[in-house]
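Commentary on secondary and tertiary structure
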Amino acid sequence: MLDVLTGFLEELRAAGVPVSLAEATDAARAVQVVPAADRAAFHQALAATLVKSPSHLPAFETAFAVYFAPRGAGVLGEDEGSEPEAASPNRGAASMGAPGDGGGPGAAQRPEDLAAALVRALLAGDQAAVAELARQAVARLSGMEPGRPVGGTYYLYRTLRQLDLASIEAQLLEALAGQAGQPTDGLRRRLLEDEVAERIEALRRAVQDEIRRLLVADRGAQALHRSVRQPLLEQVDFMHASAEELRALHRAIAPLSRRLAVRLARRRRQGREGRLDVRATLRASLSSGGVPVALHWRPPRPAKPELMVVADVSGSVASFARFTLLLLHALASQFSRVRSFVFIDGIDEVTDLLDRTEDPAEAARRVTTEADVVWLDGHSDYGHALTVFQERWGAEVSARTSLLILGDARSNYHTPEAEVLADLAARARHVYWLNPEPRAYWGTGDSVVGAYAPYCDQVVEVRNLAQLERFVADLA
Amino acid sequence: MSDAAPLGGRFETTGGLVEDLGFVDPGPARFRGVADVVARLAEVGYLADEAIGTVVHLADRLAKPVLVEGPAGTGKTELAKSVARATGSRLVRLQCYEGLDETKALYEWNYRKQLLRIQAQAVLAPEGTEPAAGDPRDPEGTERRWHDLESDIFSEEFLLARPLLEAIASPEPVVLLVDEVDRIELETEALLLEVLSEHQVTIPELGTIRATRIPLVFLTSNGTRELSEALKRRCLFLHLDYPSLERERAIVAARVPGIGEELADQVARVVRSLRGLDLKKHPSVSETLDWARTLVLLGIEQVDPASTRATLNVLLKYRSDLEKAMKELDLAAAGGDD
Ligand SMILES: Nc1ncnc2c1ncn2[C@@H]1O[C@H](COP(=O)(O)OP(=O)(O)OP(=O)(O)O)[C@@H](O)[C@H]1O
Ligand SMILES: [Mg+2]
């Protein structure tokens, strides 16, 4: 057991989930107090001891699914006769035969038959039957062959296409409607469709599990895990995030911005005068017969900050800009003292626009279409943007203001006008610069981040959520 | 600063260094396994799935605190309360908030009482026999009497136990709930660590107080702040997400008196569909329950577009969410007017 666990821990660490020695020990103890045969409890015992943050859960689930894929009948490349135990009634179809192999007696022969059987199983909500049919479907339709370096998604796609998932879905909808009565309104129809979608998703997962199981048997868990490992959400590069990753980032940004707002708001609220330190006062009173002559105060806390965020929304940081806009929007909805500006070669204030638009995607759309950020040619000009910012809003930068600049400082060979930032920095409380580019590229080509750096409290590489988290944490 | 009573000699103190205990003895089992956890929680009206059951079972057997994290209203707080009820334990609750400090979490000296005591001594000291404390004619006596006085007023009698100390010192079985732990400052977390890992509290003036039986501890968090690694390492982690359709239906049936099976089912389905939409805030279990109660109160037996539209604001709080839901669930269409 311990060996298995050690291997699994290595996989987890390789996927970026930090596991301390104490947690590894806890995991080993935990699996001993759950019943050995209970797979769900085993899974939960490992999850509870090894995963301490929701953002690590997907990586854990992938590693678990690969590493503890159920072993069973049906291995790639085995032909009918050589399979030792006759465990499954449909083992002919469940094992991977040579292409064109007819399958054993009793196995559903044609994709249509399989599909029909699946509809019945899905309708009855019979998970075991769905899993068994998924095995048969993969065996007959996926075209998997041993040793072929093809990813699981290819086989998944192939299997589902041959099963004709759309038709299964339609039949299931029909059948469920037949059971419950035809939906009489749009609401009922929607509820029914969502029910069908959930059951179809269960089928998709069953097929995926089976493909993964066969791939593990063929290639070994480690090799497979290496190929299916995905970067943790917190490691996804903002600059190259896919649409789906951006959506996930968007969900993750809400708690983060709340944290940032809590940080800032807390400082604000704690700005009132210090509180009485009762204990110190009392101790001192002992020397005056219990009369608290001298009152002792806890030290007062720092005064409230204001936040002005200035963000590059140009094409060179397109993904980053979409992300930035989400962050801006999230901040604006948490914290009333934030003012938001976007620029390319022109600059515009978008505080009100963000305030008025509740939906973040809509807000991002409106900022990109309505904000007046193009001055000449729509290529970033940091110098000009800063100069205009200075002219129009510079007077509002005070000793209580923190200035947060988001951008790659690639200014298309325009002059950086760093003295403008120097002037702003002299009046602001803090200047932070978040740069979405890898540090190694700073200062190369048209990057002028080096010109601005001397006037910033910090210039931080923020390419992913993890780095943003760290920045927020250090702000306190 | 009122409710906590002095402990009145209930606990034993031991001075000295903290020992390295290694693995602690979890004591006799409170549950007979995962299935027993789930069954007994159901008896007190909490519908747990196997994941929840497993983590509670582990917490009992490994004597480790559970950190429960998840969206608002998914039953984090209720879990701790229900475990207390199911095990016949006393629930000791530490509600966290910004600015919570050790005087509210651990213990505090009852300074009013201490002041009274100091002044009483001055008044009660028989005149002439001994100079009052602080009398310049008797520096030595003064010194001694200050000393006596000080050890007197920093004794148990003058101590106010706050939840953490109360849980550790309690002679009866305890479930300790540290609610919304993400609201306290990072520095304050350190307070929890001694209690959670050593199961003891050290009071400089009194010594170290150890738990007779390690309490079951639940910490809840909405994830507004990343908790310290040190704290997370010590805890079992339970991610409580929205329940499955089946479990939510069962929760509704268990918690809403007078609701029919069919309505409970429809309620759970509508909520599931809403959670599938891209909304600013998804309905929580508490909102599901509020909605179900509203429908029962209004005498509605079937969920249809009109009744859903009229009561949707119980489930969704943002205008943009309401609009999106009206459109996606086709609620604005015919079938009633309002
Ligand atoms: N599994 C469950 N069984 C029974 N009732 C439940 C369950 N889950 C949630 N509830 C009910 O939902 C309501 C909200 O639960 P609770 O207050 O515990 O949520 P929470 O997760 O602590 O939320 P918050 O993050 O806002 O503190 C309670 O009324 C509780 O009774
Ligand atoms: Mg709660």
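Now for a quick tour of the structure. (Residues numbered from 1 in each chain as written. Chains lettered and ligands numbered in written order. Predicted model: local features only at pLDDT ≥ 70, side-chain atom pairs only at ≥ 80, totals over all residues. Heavy atoms only, no water.)

A few points about the overall build of chain A
Counting its regular elements, chain A contains 20 helices and six strands. Per-residue burial over chain A gives 51% buried out of 476 residues. Taking the intrachain contacts of chain A between residues at least 6 apart in sequence as the baseline, contacts between residues at least 24 apart amount to 72%. In the structure as shown, chain A presents an accessible area of about 21500 Å², 53% of it carried by carbon and sulfur atoms. (Helix = DSSP H or I, 4+ residues; strand = E, 2+ residues; numbered from the N terminus. Buried < 20%, exposed > 50% of the residue type's maximum accessible area, 1.4 Å probe, protein only. Contact = heavy atoms within 4.5 Å. Areas by Shrake-Rupley, 256 points an atom, 1.4 Å probe, with all protein chains shown as cover.)

Observations regarding the interface of chain A and chain B
Put simply, an interface is often sized by how much accessible area is lost when its parts join up. The partner chain B presents 60 residues to the 52 residues of chain A that form the contact. In total, about 4900 Å² of surface goes out of reach between chain A and chain B, with carbon and sulfur atoms giving 55% of it. For the pair chain A and chain B, the number of links is five salt bridges. At the boundary of chain A with chain B, the tally comes to twelve residue pairs in polar contact (both at pLDDT 80 or more). Considering each element in turn, the side of chain A that touches chain B owes the most residues, eight residues, to helix H10 (residues 186-219) of chain A. Here the residues of the side of chain A that touches chain B sort into 19 nonpolar, ten polar and 23 charged. (Buried area = accessible area lost by both parts, 1.4 Å probe. Salt bridge = Lys/Arg side-chain N within 4 Å of Asp/Glu carboxyl O. Polar contact = N/O pair within 3.5 Å; in protein donor to acceptor, adjacent residues only side chain to side chain. Nonpolar A, V, L, I, M, F, W, Y, C, P; charged D, E, K, R; others polar.)

Details of the pattern of salt bridges
Throughout the structure, instances matching the rule amount to 47 salt bridges over all chains. The salt bridge partner of A:Arg204 is A:Glu201, with a shortest N-O separation of 3.3 Å. Separated by three residues within a single helix, A:Arg204 and A:Glu201 lie in helix H10, roughly one turn from each other. Judged by its relative accessible area of 26%, A:Arg204 is partly exposed. A:Glu201 gets classed as partly exposed once you look at its relative accessible area, which sits at 31%. The network of salt bridges with shared partners includes A:Glu195, A:Glu198, A:Arg199, B:Arg249, B:Asp265, B:Arg269 and B:Arg272.

Quick word on the packing of aromatic side chains
A complete count under the given rule lists 18 aromatic pairs over all chains for this structure. Ring geometry for A:Trp433 versus A:Tyr452: centroids 5.0 Å apart, planes at 20 degrees, classification stacked. With A:Trp433 in strand E5 (residues 430-435) and A:Tyr452 in helix H19 (residues 449-452), this residue pair connects regions lying 19 residues apart in the sequence. Of the two residues, A:Trp433 and A:Tyr452, neither departs from the other in class, the shared state being buried. Centroid distance B:Trp109 to B:Phe154: 5.0 Å. Interplanar angle 90 degrees. Geometry classified as edge-to-face. Placement of the pair is B:Trp109 in strand E4 (residues 107-109) and B:Phe154 in the loop between helix H6 (139-153) and strand E5 (159-161), with a sequence separation of 45 residues. Across this residue pair, the class does not change: B:Trp109 and B:Phe154 are buried. Among the aromatic residues, ring-to-ring pairing joins A:Phe8, A:Phe42, A:Phe60, A:Phe64, A:Tyr67 and A:Phe68 into one connected group. Against the face of B:Phe158 rests B:Lys113, its NZ or CZ located 5.5 Å from the ring centre. (Phe/Tyr/Trp six-rings, centres within 6.5 Å; stacked < 30°, edge-to-face > 60°. Lys NZ or Arg CZ within 6 Å of the ring centre and 35° of its normal.)

Some points on unusual backbone geometry
Phi angles above zero are rare outside glycine, and A:Ala409 is one such case at about 55 degrees. Residue position: A:Ala409 is located in the loop between strand E4 (401-406) and helix H18 (418-427).

Concerning the environment of A:Arg29
Within the secondary structure, A:Arg29 is located in helix H2 (residues 21-32). Residue class for A:Arg29 comes out buried when judged on its relative accessible area of 18%.

Looking at helix H10 (residues 245-255) of chain B
Where H10(B) is concerned, the buried positions are B:Leu245, B:Arg247, B:Glu248, B:Ile251 and B:Val252. Seen from one end, H10(B) has its buried residues packed into an arc of 165 degrees, which puts them on one side. Its buried side turned inward, H10(B) meets H10 of chain A together with helix H2 (50-62), helix H11 (261-275) and helix H12 (285-297) of chain B. (Arc of directions from axis to C-beta.)

Details of the sheet that holds strand E10 (residues 236-239) of chain B
Residues and elements named next belong to chain B. Spatially, the five strands line up as an open sheet ordered E3-E6-E9-E2-E10, and their pairing is parallel. Edge positions in the sheet fall to strand E3 (90-95) and E10, since each has one partner strand and no second. The average undirected angle you get between the axes of adjacent strands in this sheet is 20 degrees. With four bridges connecting them, strand E6 (residues 174-179) and strand E9 (residues 216-221) associate as parallel partners. In the strand pairing of E9, Val 175 is matched with Leu 216. (Pairing = 2+ DSSP bridges. Axes fitted to C-alpha atoms, helices over the stretch in contact; angles between N-to-C directions.)

Notes on the sheet that holds E5(A)
Residues and elements named next belong to chain A. Reading across from one edge, E3-E2-E1-E4-E5-E6 is the order of the six strands in this open sheet, with mixed pairing throughout. Looking at which strands have only one partner, the edges of the open sheet turn out to be strand E3 (347-349) and strand E6 (458-461). If you compare each strand with its neighbour and ignore which way they point, the axes differ by 20 degrees on average. For strand E2 (residues 338-343) and E3, the ladder comprises three bridges, and the chain directions are antiparallel. Directly across from Phe 343, in E3, lies its bridge partner Ile 347. Sitting on the sheet, helix H17 (residues 382-393) is in contact with strand E1 (306-312), E2, E3, E4 and E5, with an inclination near 40 degrees to E3.

Don't take any of this as a statement about function, it's just geometry.
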